[in-house]
Amino acid sequence: MIVDVHLRPEDLDAKLREDARRGLTSDPKYLSPTWLYDARGSRLFEKIMRLPEYYPTRTEFALLRQHAADFAESARPEMLVELGSGSSEKTYVLLDALGPYLHTYVPQDVSEPALRSAVTRLTAEYPNVTVHGVVGDFTDSLAHLPAGGTRAIAFLGGTIGNLVPSERAQFLAGTAAILRPGEWLLLGAGLVIDRDTLLAAYDDAAGVTAEFDRNVLRVLNDRLGADFDPERFVHRAVWDAENEWIEMRLEATEAMDVRIPGLDLEISFTEGEQIRTEISAKFRLAGLAQELADAGFVVRHEWVDPDGRFVLIGASRQ
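Here is a short report on the structure shown in this document. Fair warning: this is a prediction, and the values are worked out from it, not measured in the lab.

**Side note on the sheet that holds strand S2 (residues 29-30)**
- Spatially, 4 strands are ordered S2-S12-S9-S8 in an open sheet, and the strand pairing comes out mixed. The open sheet terminates on both sides in strands that have one partner only, identified here as S2 and strand S8 (233-240).
- Judged from the 8 bridges that link them, S8 and strand S9 (residues 245-252) form a sheet pairing that is antiparallel. Bridge assignment links Val 234 to a residue of S9, and that residue is Glu 251.

This is the structure we're talking about:
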C-alpha cells in the first residue's frame, strides 16, 4: 500500500484557523466548504446524494457508465489521477473501463483515514493496478502527484463549481501545467438549468441539506472550541443569476455573540445576518470550453445527459 502524506493533521488545523479567522471577520461573512466534510458531514452528504431532489450524483454516474469506455478509448491512460476522490466509489466504473491501459490509480483526498481505507480496498479489488494514494488539498497538491506513463486526471462531482472564477482559472492552469501534451482531463460539471430544480437540489424537503450546512458550525465547535448553537441558524439556498451559481448560507435567527477560543475571537451576529458556506457554480458549455482553452486544454468530448443538467468533458492538453 502506497500513501504519500503532504497534508498532516496539524496542517489542516492551521488551515482551518486561517480560513475561519479570515472568513468570519469579513463582511459579509463566509466559510470554506472544505469544513463541511468531517466524518458526520460526509455521512450527511452521502444521504444527500440519495435524495430525489439531488440530481447531480446520479446524473454523473449515468454519464460515466455510458461514456467511460469512450473516454478510455480516446485517452488510453496508463495512470489515472482522481482529485478529491473521497471513498473513490465513483471511480469503479472508470477503473473497469480503463483496465486495458491502466497500471496505476492515484486517488487524492484531504482525509487520510478515508484515503487509506480506499487504497486498501482498491488494492485488493484491482490486484493488477498499483494504487498510490496522495493526502493533500487538490488546490495545493498538484505538484506532489506521481508521474509515470501517460496520465489522465479526473475531477468529478461538479466540484469545479465550488471555485470562484479566479480560483478556477488558477486550478485549471495548474492542472494543465503538470500534464504533457496529449494527456487528458476528465471533468464533471453541472449546467445552468431552471432555478426551481437547482434550488430544490440544495434545499431538500427532508432538511438533510440544512443539517449538512449547519454541520460546519459543529466542526468549529469541536475543533476550535466555539460556542455556536447550530439551531439558531437556518439554511438558505440562493440562486445568484448574475454569477450563475447557487449559494448556501446560514442565517442567524437572532442577534448573538459567539466565542471562538481557538482563535481568541468573539464574533457578533445581527438578526438575519448570513454566513456563505458554499458556492456551486453552474456552467454553459461554451463558457466552460473557453475556460479550459484559456488554461491550455482542447475539448475533445462533451457528454451531456438527456435533460441537459450535467456534462462530462474529455479535454486533452495542447
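**Observations concerning the packing of helix H1 (residues 9-24) against helix H8 (residues 208-224)**
- Remark: H1 packs on H8, axes separated minimally by 12 Å, with the N-to-C direction vectors making an angle of 125 degrees. Taken together, the axes of H1 and H8 lie oblique to each other. Like other packed secondary-structure pairs, H1 and H8 cross with a definite hand, here left-handed. Taken together, the residues of H8 that come into contact with H1 (itself represented by Leu 12, Asp 13, Leu 16, Arg 17, Ala 20 and Leu 24) are Leu 220, Arg 223 and Leu 224.

**So, the packing of helix H2 (residues 39-49) against H8**
- Running from amino to carboxyl end, H2 crosses H8 at an angle of 165 degrees, the nearest separation of the two axes being 9 Å. Taken together, the axis directions place H2 and H8 in an arrangement best described as roughly antiparallel. For the pair H2 and H8, the crossing hand works out as left-handed. From H2, Arg 40, Gly 41, Leu 44, Phe 45, Lys 47 and Ile 48 reach across to H8, where they touch Val 208, Thr 209, Glu 211, Phe 212, Asn 215 and Arg 218.
- Among the residues making up the contact of H2 with H8, the classes are represented as 5 nonpolar, 3 polar and 4 charged.

**Some thoughts on the packing of aromatic side chains**
- This structure, assessed with the given rule, holds 13 aromatic pairs.
- Ring plane angle 45 degrees and centroid distance 4.7 Å describe the contact between Phe 155 and Phe 171, whose orientation is recorded as tilted. Of this pair, Phe 155 sits in strand S6 (residues 151-155) while Phe 171 sits in helix H6 (residues 165-178), placing them 16 residues apart in sequence. As far as burial versus exposure is concerned, Phe 155 and Phe 171 are alike and both buried.
- Here the aromatic residues Tyr 37, Phe 45, Tyr 54, Tyr 202 and Phe 212 are joined through ring pairs into a cluster of three or more.
- The residue whose ring lies beneath Lys 29 is Phe 269, and the NZ or CZ to ring-centre distance is 4.9 Å.
- The ring of Tyr 55 is capped by Arg 309, whose NZ or CZ atom sits 5.0 Å from the centre of that ring.

**Observations regarding unusual backbone geometry**
- In this chain, Asp 27 is followed by Pro 28 through a cis amide linkage whose omega measures 5 degrees.
- Structurally, the position occupied by Pro 28 is in the loop between H1 and S2.
- Even without being glycine, Arg 76 reaches a positive phi, approximately 45 degrees.
- Within the secondary structure layout, Arg 76 lies in the loop between helix H3 (55-75) and strand S3 (79-83).
- Even without a glycine there, the phi angle at Glu 244 is positive, about 55 degrees.
- On the secondary structure map, Glu 244 appears in the loop between S8 and S9.

**Looking at the sheet that holds strand S13 (residues 297-304)**
- Within the open sheet, the 8 strands sit side by side as S1-S5-S4-S3-S6-S7-S14-S13. Their pairing is mixed. Because the sheet does not close on itself, it has two edges, and the strands there are strand S1 (2-5) and S13. Within this sheet the neighbouring strands show an average axis-to-axis angle of 20 degrees, counted without direction.
- As judged from the 4 bridges shared by S6 and strand S7 (residues 184-190), these two strands associate in the parallel manner. When the sheet's bridge partners are listed, Ala 154 is paired in S7 with Leu 186.
- Against the sheet, helix H9 (residues 285-295) engages S7, S13 and strand S14 (310-317), with an angle of about 150 degrees to S13.

What counts and how
- Residues numbered from 1 in each chain as written.
- Predicted model: local features only at pLDDT ≥ 70, side-chain atom pairs only at ≥ 80, totals over all residues.
- Heavy atoms only, no water.
- Pairing = 2+ DSSP bridges.
- Helix = DSSP H or I, 4+ residues; strand = E, 2+ residues; numbered from the N terminus.
- Axes fitted to C-alpha atoms, helices over the stretch in contact; angles between N-to-C directions.
- Parallel < 35°, antiparallel > 145°, perpendicular 65-115°, else oblique.
- Left-handed = near helix turned anticlockwise from the far one by under 90°.
- Contact = heavy atoms within 4.5 Å.
- Nonpolar A, V, L, I, M, F, W, Y, C, P; charged D, E, K, R; others polar.
- Phe/Tyr/Trp six-rings, centres within 6.5 Å; stacked < 30°, edge-to-face > 60°.
- Buried < 20%, exposed > 50% of the residue type's maximum accessible area, 1.4 Å probe, protein only.
- Lys NZ or Arg CZ within 6 Å of the ring centre and 35° of its normal.

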